[in-house]
Amino acid sequence: MMDHAHDLGAVHEATDRLLNEAGKWDNAALAEPSRLPGWSRGHVLAHLSRNADALGNVLRGLPMYASSETRDADIETGSARPLAEQLADFEASAGRFAAVADEPADWSRTVTLRHGVTDSASRVPFRRLIELEIHHVDLDTGYELEDLPAEFTEREIAFLTERFSGHPEVPATTVTAEDGRTWTTGGGSDGPAVSVRGTAAGLLGWLAGRRDGSALTVTGGALPALPPL
């Protein structure tokens, strides 16, 4: 059972953490590359601002974005703005999302995201938290996967293993953290079952497409090549 109130608190904390970091930059730092191919830090911040509004749309029962083309154009256009404008937009969009989430609502209802994906409204705050935490790492300013809150890392591993469960390109895979926590995923392909073991941060990095998995221990076959998120 998702605790949306708990997750909204975590979203607030992650928002403040990122704002505090970005507030130390100048315009030149904003224009530097992020860890995402083809995206500057400005692209990442613009994306996070538009994602807050998009998830607010989802909670209101509206389309997440007007179109994929509009989404991409808004990020591209927004990426080149000065730092002060970017930070003001990021903070304002975060406030709008929080305001929507504070409205009386049935959190057990089903909502629709991009590409027809459906989910419980109660998981939307966690989806926002994922955007904030993973993209904070993508900004490449010293905040690493190892710095993520332990609770978030565990839940995101569970979220991603669930997402890849039954995927036709992923063999049956057992994912085990060094402390013994275990998840299962894949199972939709005919390949041999494999086991993947490593640190929680290393496992998350592989599942989220942020690390190549070379630091993980794999038995039973090759490390599965995961489809893009």
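Refer to the preceding data block for the structure.
A. Highlighting the overall build of the protein chain. Within the protein chain, the secondary structure is distributed over 8 helices and 6 strands. When the helices and strands of the protein chain are read in sequence order from the N terminus, they spell out α-α-α-α-α-β-β-α-α-β-β-β-α-β. Taken over the C-alpha trace, the protein chain has a radius of gyration of 18 Å; the compact-globule value for 229 residues is 17 Å, and the two agree within 12%. Each of the three principal axes of the protein chain carries a C-alpha extent, and together these read 50 × 40 × 35 Å. Taken across its 229 residues, the protein chain has 46% of its residues classed as buried. Just so you have it, the protein chain exposes about 10900 Å², and 52% of that area is on carbon and sulfur atoms. Charge centroids of the protein chain, computed over 20 positive and 35 negative side chains, lie 1 Å from each other.

B. Spotlight on the packing of aromatic side chains. Summed over all chains, the structure comprises 2 aromatic pairs. Between phenylalanine 126 and phenylalanine 152 the ring centres are 5.9 Å apart and the planes differ by 50 degrees, which places this aromatic pair in the tilted class. Pair noted here: phenylalanine 126 is in helix α6 (residues 124–138) and phenylalanine 152 is in helix α7 (residues 150–164), with a separation of 26 residues, a long-range link. Accessibility expressed as a relative area gives 1% for phenylalanine 126, which makes it buried. Relative accessible area serves as the criterion here: at 4%, phenylalanine 152 is assigned to the buried category.

C. Representation of the nonpolar core within the structure. By size, the foremost hydrophobic cluster in this structure holds 42 residues, and its most contacted members are Trp25, Leu148, Leu203 and Leu204. Elements with a minimum of two residues in this core: α1 (4–22), α2 (27–31), α3 (41–60), α5 (83–101), α6, α7, β3 (173–177) and α8 (200–207). Setting aside chain neighbours within four positions, we find leucine 203 in contact with Ile157, Val175, Thr176, Ala177, Trp183, Val196, Arg197, Gly198 and Leu216. Grouped together as the second largest cluster of nonpolar side chains are 15 residues, Ala52, Tyr65, Trp107 and Val111 included.

D. Seen up close, the pattern of salt bridges. A complete count under the given rule lists 18 salt bridges for this structure. In this structure, aspartate 7 and arginine 155 form a salt bridge, with 2.6 Å as the shortest nitrogen-oxygen distance. A residue pair is termed long-range when its members are at least 10 positions apart, and aspartate 7 in helix α1 and arginine 155 in helix α7 qualify at 148 residues. A residue is classified by how much of its surface remains accessible, and aspartate 7, at 1% relative accessible area, is buried.

E. Here's a closer look at unusual backbone geometry. In this structure, histidine 115 takes a positive phi of about 60 degrees despite not being glycine. By relative accessible area, histidine 115 is classed as exposed at 67%. Of note, the phi angle at aspartate 140 is positive, near 60 degrees, even though the residue is not glycine. With respect to the helices and strands, aspartate 140 occurs in the loop between α6 and α7. Looking at aspartate 140, the relative accessible area reads 35%, which means it is partly exposed.

F. Just the packing of α3 against α6, in detail. One way to put it is that α3 packs onto α6 with a least axis distance of 10 Å and a crossing angle of 180 degrees. In terms of orientation, α3 and α6 fall into the roughly antiparallel class. When α3 is examined against α6, the residues Val44, His47, Leu48, Asn51, Ala52, Leu55, Val58 and Leu59 are found in contact with a partner set consisting of Val124, Arg127, Arg128, Glu131, Leu132 and His135. Residue composition of the contact of α3 with α6, grouped by class: 8 nonpolar, 3 polar and 3 charged.

G. Focus on the environment of arginine 123. Turning to its location among the elements, arginine 123 is positioned in the loop between β2 (118–120) and α6. Using a relative accessible area of 15% as the deciding quantity, one classes arginine 123 as buried. Sequence spacing of arginine 123 and tryptophan 107 is 16 residues, and the spatial spacing of their C-alpha atoms is 8.6 Å. Other than its neighbours up to four places away in sequence, arginine 123 contacts Met2, Phe159 and Glu162. Among the polar contacts made by the side chain of arginine 123, one reaches the side chain of aspartate 119 at a distance of 3.0 Å.

Here is what the cut-offs are and how they apply
Every chain's residues receive numbers from 1 upward, in the order its sequence appears when written. Local features in a predicted model are, by the rule used here, given only for residues with pLDDT of at least 70; side-chain atom pairs are given and counted only at 80 or more, and totals for whole chains, interfaces and linings are based on all residues. To get the side-chain values, all heavy atoms of the structure are used, and hydrogens and water are removed first. Numbering of helices and strands runs from the N terminus, with a helix taken as a DSSP run of H or I at least four residues long and a strand as a DSSP run of E at least two residues long. Only C-alpha atoms enter the radius of gyration; for comparison, a globular chain is expected to reach 2.2 Å times N to the power 0.38, where N is the number of residues. For each residue, the accessible area found with a 1.4 Å probe, counting protein chains only, is set against the maximum for its type, and the residue is called buried under 20%, exposed over 50%, and partly exposed in between. Surface accessibility in these figures is a Shrake-Rupley result with a 1.4 Å probe; residues are shielded only by whichever protein chains are displayed. Positive charges are assigned to Lys and Arg, negative charges to Asp and Glu, while His and the chain termini are left out of the count. For the purpose of locating charges, the reference atoms are NZ of Lys, CZ of Arg, CG of Asp and CD of Glu. Paired rings are identified among Phe, Tyr and Trp, the last through its six-membered ring, by centres lying within 6.5 Å, and are further divided according to the angle between planes into stacked (under 30 degrees), edge-to-face (over 60) and tilted (the rest). The set of buried Ala, Val, Leu, Ile, Met, Phe, Trp, Tyr and Cys residues whose side-chain atoms join them within 4.5 Å is what this entry labels a nonpolar core. By the convention used here, residues are in contact when the closest approach between their heavy atoms is within 4.5 Å. Salt bridge criterion: a side-chain nitrogen from Lys or Arg within 4 Å of a carboxyl oxygen from Asp or Glu. Only the contacting stretch of a helix is used when fitting its axis, a line to C-alpha atoms as for every element, and angles between N-to-C directions run 0 to 180 degrees. Any angle from 65 to 115 degrees is called roughly perpendicular, while one under 35 is roughly parallel, one over 145 is roughly antiparallel, and all others are oblique. Under this grouping Gly is polar, as are all residues other than the nonpolar Ala, Val, Leu, Ile, Met, Phe, Trp, Tyr, Cys and Pro and the charged Asp, Glu, Lys and Arg. The term polar contact refers here to a pair of N or O atoms within 3.5 Å; inside protein, the definition further demands a hydrogen-donor-capable atom paired with an acceptor-capable atom, and it admits residues adjacent in sequence only when both atoms are side-chain atoms.

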